[in-house]
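Take a look at the letters that make up each chain.
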Amino acid sequence: MSKAEQTRAFIIEKTAPVFNKKGFAGTSLTDIEEATGLTKGSIYSNFANKDEVALAVFDHNLKTVNTIIQTEMSKYSSSRERLMVYAKVYGRNVLDHPFPAGGCPILNTSIDADDTHPELRKRASAAVLAWKDNITTLIRKGIKDKEFKNSIDPEELALTLVAMIEGAVMISKVTGKINYLKAVMKSVEKMINDL
């Protein structure tokens, strides 16, 4: 990695928690400078503007979450067990390690950027749709392998699971009650077990 690539990666890594906690609008250049210890000139010699930093940070945080999910899924072979990974991973406190500081970047960015930043909104939307598609694929495989009933609508169920998980994260985060997250994850587990 070149020095410029190292500096760019450093900026992304150090500002990832700031953007995920404060959002795009709430993160100032001063926040970026404080998180990195770099000057405005150093930051903007590596990124054209704050938008470019925010997009790189979202990609970084999303990759972190996807890696956590994929690492857990690699431990299982059945579609049911692999679906349960979502309940297991999100059922832990997503505000704690190994999730990015601030919680789920898909939820945080979706809420923060829906009306304020079209490109971030587009990336968050793509992340939600990719998540839905991954679950849909798992459900279709489970139906094909006769793990699940063939009367299930894979896409409808996938959307429901994503909505339940992200809704649970949001409710838990806004109320500060982790037991709400755990209660919804029990319902997600039951739903998966009933397939």
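This write-up is about the structure you can find in this document. (Residues numbered from 1 in each chain as written. Predicted model: local features only at pLDDT ≥ 70, side-chain atom pairs only at ≥ 80, totals over all residues. Heavy atoms only, no water.)

## Quick look at unusual backbone geometry
Non-glycine residue Lys146 carries a positive phi angle of around 65 degrees. Its location among the elements puts Lys146 in the loop between helix H7 (118-144) and helix H8 (154-175). (Helix = DSSP H or I, 4+ residues; strand = E, 2+ residues; numbered from the N terminus.)

## Looking at helix H9 (residues 178-193)
End to end, H9 covers 23 Å across 16 residues, agreeing with the expected 22 Å (1.5 Å per residue, within 8%). Those residues of H9 not exposed but buried are Leu181, Met185, Val188 and Ile192. Take H9 and look down its axis: the buried residues cluster within an arc of 50 degrees, on one side only. Residues of H9 that are exposed and point over 90 degrees away from its buried face: Lys186 and Lys190. Looking at the packing, one finds that the buried side of H9 touches helix H5 (79-91) and H8. (Expected span 1.5 Å × (residues − 1). Buried < 20%, exposed > 50% of the residue type's maximum accessible area, 1.4 Å probe, protein only. Arc of directions from axis to C-beta. Contact = heavy atoms within 4.5 Å.)

From the geometry alone we can't say anything about function, so treat these as descriptive.
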